[in-house]
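Breakdown of the fold
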Amino acid sequence: MTDSDDPTPRHDRVERHATPGPRNSLAHWTTARRPLRVAINYVVVWLVRLSPSLRLKRWLLRRIGVTVGEGVSWGLEATPDVFWPDLITVRADAIVGYDATILCHEFLQDEYRTGEVVVGERAMIGAGAIVLPGVEIGENARIAANSLVTRDVPPETTVAGVPAEPMGETADDPNDSESSDDGGD
């Protein structure tokens, strides 16, 4: 999928906020979010990352504003956005893999950006993957491990790489009986 195929590219769903002073936007983070709120979020995220209990993880994530559907599995060391966790929606039975990161903000030189991230029902984010602000991941979509998701992932699609791109069918797929037929006995 290219940006031109996407009816609403993520950058059109990301809100831009000008830097209020002469330095980069991260230098002014305390004007973007209340420091106490970020500190509380950080402690809760730390607990979510370390807890083996999926039930406790879902409960904690909801306390900091993440919309978490029933049956969501949040892997060890997986990290929601600490500044804007309230911009994350993870729908029922989705999986967020080990050490995956969901970001809802980007601090840049002259501005910072915020955008909602939506993970569809039964979608899977692989270990170590990073999802950027404004991205929507469709129902039953799959993100390969260590991928960087910079744009939307349609339902039922597998993406991989940096940046993540849709994966095509391979001729040596062991699940595809037609492609594995080499004509021999």
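Up top is the structure these notes are about.
None of these values were measured; they are calculated from a predicted model.

The topology assignment puts K57 in helix α4 (residues 54-63). Nearest to the buried, unbridged K57 among oppositely charged side chains is E77, at 8.1 Å. Side-chain polar atoms of K57 contact the backbone oxygen of V48, separated by 2.5 Å. Polar contacts involving the side chain of K57 include one to the main-chain carbonyl oxygen of G75, which spans 3.5 Å.

It is worth spelling out the side chain of R58 at this point. Mapped onto the secondary structure, R58 falls in helix α4. This buried residue, R58, is left without a salt bridge; E70 holds the nearest opposite charge, at 5.7 Å. Engagement of the side chain of R58 in a polar contact is seen with the backbone oxygen of V72, the distance being 2.7 Å. When sequence neighbours within four positions are dropped, the list of residues in contact with R58 reads V68, G69, G71 and V72.

The next point concerns the packing of aromatic side chains. Across all of its chains, the model carries six aromatic pairs by this definition. The interplanar angle of 85° and the centroid separation of 5.5 Å between the aromatic rings of W29 and F83 together place this pair among those described as edge-to-face. Here W29, found in helix α2 (residues 29-32), pairs with F83, found in the loop between β4 (79-80) and β5 (88-90); they are 54 residues apart in sequence, far enough to count as distant. Relative accessible area serves as the criterion here: at 25%, W29 is assigned to the partly exposed category. Here the aromatic cluster, defined as three or more aromatic residues joined through ring pairs, consists of W29, F83, W84, F107 and Y112.

The subject of this paragraph is empty space enclosed by the protein. Space left empty within the atom packing is revealed by a probe, the size of a water molecule, rolled over the atoms. What the rule picks out here adds up to one cavity of 30 Å³ or more. Quantified by volume, the largest cavity comes out at close to 70 Å³. Lining the largest cavity we find eleven residues, and of these R151, D152, V159, A164 and P166 sit closest to its centre. In terms of residue class, the lining of the largest cavity is built from seven nonpolar, one polar and three charged.

What follows concerns the sheet that holds strand β6 (residues 95-96). Pairing within the open sheet is mixed, and its six strands lie in the order β3-β6-β11-β14-β16-β17. Looking at the sheet topology across the chains shown, the edges are occupied by β3 (73-74) and β17 (165-166). One ladder, built from two bridges, connects strand β16 (residues 158-160) with β17; its direction is antiparallel. When the sheet's bridge partners are listed, V159 is paired in β17 with P166.

The rules behind the values
- Residues numbered from 1 in each chain as written.
- Predicted model: local features only at pLDDT ≥ 70, side-chain atom pairs only at ≥ 80, totals over all residues.
- Heavy atoms only, no water.
- Helix = DSSP H or I, 4+ residues; strand = E, 2+ residues; numbered from the N terminus.
- Buried < 20%, exposed > 50% of the residue type's maximum accessible area, 1.4 Å probe, protein only.
- Lys, Arg positive; Asp, Glu negative; His and termini not counted.
- Salt bridge = Lys/Arg side-chain N within 4 Å of Asp/Glu carboxyl O.
- Polar contact = N/O pair within 3.5 Å; in protein donor to acceptor, adjacent residues only side chain to side chain.
- Contact = heavy atoms within 4.5 Å.
- Phe/Tyr/Trp six-rings, centres within 6.5 Å; stacked < 30°, edge-to-face > 60°.
- 1 Å grid on protein atoms, 1.4 Å probe; cavity = no way out; pocket = protein on both sides within 12 Å on 5 of 7 lines; lining within 4 Å.
- Points joined across faces, edges and corners; volume = space filled by probe spheres on them.
- Nonpolar A, V, L, I, M, F, W, Y, C, P; charged D, E, K, R; others polar.
- Pairing = 2+ DSSP bridges.

Functional significance is not addressed by these values, which are geometric in nature.
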